[in-house]
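An overview of the molecular structure
Next come the chains, spelled out residue by residue.
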Amino acid sequence: MEKTLPTVPEAALTGSLRDYRTPEGPALIARTREFYDWQNLRRESGVWPYARSASTAPTARCDALSDSGEGFRGINFASQDYLSLSSHPAIKAAAIEAIGQYGVHSAGSAALLGNTANSLSLEKALSSFLGGREIVLYPTGWAAGYGSVQGFVRADDHVVMDILAHSCLQEGAKAATQNVHYHGHLNLSALLRKLERIRATDQQNGILVVTESLFSMHSDTPDLGAMRALCDQFNATLLVDCAHDLGSIGEDGLGHLGLQNMLDGADIIIGSFSKTFASNGGFIAVRDRAAAEYLKYYSATHTFSNALSPVQAATVLAALEIVRSDEGRELRRKLMDNVLYLRAEMNKAGLETLGDPSPIVPVNLGLEGVGRYAARRLAALGGIANLVEYPAVPQGAARFRFQVMASHTREDVEQVVDILSRAMRDADLEYRLGHEGRDPDLRQRSRAGAL
């Protein structure tokens, strides 16, 4: 018997995290209450689909707990484990061996005594993978992104970045300089105009152009060659964040840097181990040792954080060996087959997928209220995917972000598409019934958004 879901009040279907980002008043702690009240209303109404926890390994089907502690099981398209390496026997064996040799903790900054033989071996292996670059390791991918900007940019320099660049890049830029310039997503003409305006008045200071090789909310990619040409024209430095596609896309696993023949074109490459390499952690890859040594002592998230644990370093090293092997190539082929099949089945069912084929398959929902109903129904029917809503994506452009794994089967794909179709039909009906008479344009706007 299907569980009866609670009625959703209007206040739980409206508002966003942005509304509570800058609370006012002298009581720093007490003024957080307004956010909590809104969040808890959504939680009690079953439309707060965040902060869930896995009760089993993050495999293609898993057990999980909601934020309120309710257990459920479903087909898992919410975990970031693109090549399904997190439970690979060789990965687990490497972690166990590292624990036996080193224990579980690095117990120090990499600037002091935090490195181990595992991290040094990982640096060498990553350097080989990335064409001989110098590698600096970081405890998280976020720390690598932040440190890549904050470590090089100074107060009089400029950062020009895609408006959808990741939080770590934006926060690193804000920490480094007030001269932060945003351009429209993938808009080369806007990037050109920004660079022209900067160089018209400032020939002396540095410009860091920041982009991602695969944008995780839209599953699209920039023209890296054209960006390189603009950087050459205006004496700017190009930084590419390859967190989501490195290891998981391309015959050689080099992602869009490889597909666009731009491995040598980026001045700074950053990456995360948490999407494909079965661990936390990240890295920055630069062309020479001078730049790497500078980062080690001037990027705060490296100097003032404990280093990768020996277990993490051993895990990533084992994952990288698989990524570069015949097994890794076969896993990437399976992953892309799953991606293409999921997108085709979604489109066949009348669901709108966004962007280009990648391990991230965004499915458009439209109105935030419809998205919240859909997320509630998806979980109730046995599907697991992450709802993304404003301000992470534009207002009125809520979406599910399906994250595909090599271990998904065709049955997983077919079942989750059927579940999503039912969830979205139910959500559309629930939302329209709740707003009947209030919004005469609702049906048209809802259909234009996704349904």
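In what follows, the accompanying structure is described. The model shown is predicted, which means the values in this text are computed figures rather than measured ones. (Residues numbered from 1 in each chain as written. Predicted model: local features only at pLDDT ≥ 70, side-chain atom pairs only at ≥ 80, totals over all residues. Heavy atoms only, no water.)

Now for the pairing of strand E10 (residues 282-286). Among the five residues that make up E10, five are buried, leaving the element largely enclosed by the rest of the structure. With burial as the criterion, each face of E10 is covered, one bearing Gly 282, Ile 284 and Val 286 and the other bearing Phe 283 and Ala 285. Where strand E4 (residues 134-138) lies against E10, five bridges are found, and the strand directions are antiparallel. Residue pairing across strands places Val 136 opposite Ile 284, the latter belonging to E10. (Buried < 20%, exposed > 50% of the residue type's maximum accessible area, 1.4 Å probe, protein only. Helix = DSSP H or I, 4+ residues; strand = E, 2+ residues; numbered from the N terminus. Pairing = 2+ DSSP bridges.)

Reading across from one edge, E11-E14-E13 is the order of the three strands in this open sheet, with antiparallel pairing throughout. Edge positions in the sheet fall to strand E11 (360-366) and strand E13 (386-388), since each has one partner strand and no second. Taken pair by pair, the neighbouring strands of this sheet meet at an average axis angle of 30 degrees, ignoring direction. In this structure, E13 lies alongside strand E14 (residues 398-403), joined through three bridges in antiparallel fashion. The partner of Leu 387 across the bridge, within E14, is Phe 400. Along the sheet, helix H13 (residues 326-348) makes contact with E11 and E14, crossing E11 at roughly 20 degrees. (Axes fitted to C-alpha atoms, helices over the stretch in contact; angles between N-to-C directions. Contact = heavy atoms within 4.5 Å.)

Here helix H14 (residues 368-381) spans 20 Å end to end across 14 residues, near enough to the 20 Å set by a 1.5 Å rise per residue. Of all the 14 residues making up H14, 12 are buried; the element is thus mostly covered by neighbouring parts of the structure. Those residues of H14 that sit buried are Glu 368, Gly 369, Val 370, Gly 371, Arg 372, Tyr 373, Ala 374, Ala 375, Arg 376, Arg 377, Leu 378 and Leu 381. In the stretch just after H14, Gly 382 is the one whose phi turns positive, near 100 degrees. (Expected span 1.5 Å × (residues − 1).)

Attention now goes to the layout of surface pockets. Of the pockets and cavities examined, the largest pocket occupies roughly 1,200 Å³. Taken together, 41 residues line the largest pocket, and the ones lying closest to its centre are Ala 165, His 166, Ser 167, Met 217 and Ala 392. In terms of residue class, the lining of the largest pocket is made up of 21 nonpolar, 11 polar and nine charged. (1 Å grid on protein atoms, 1.4 Å probe; cavity = no way out; pocket = protein on both sides within 12 Å on 5 of 7 lines; lining within 4 Å. Points joined across faces, edges and corners; volume = space filled by probe spheres on them. Nonpolar A, V, L, I, M, F, W, Y, C, P; charged D, E, K, R; others polar.)

Everything listed here is a matter of geometry and, on its own, says nothing about what the molecule does.
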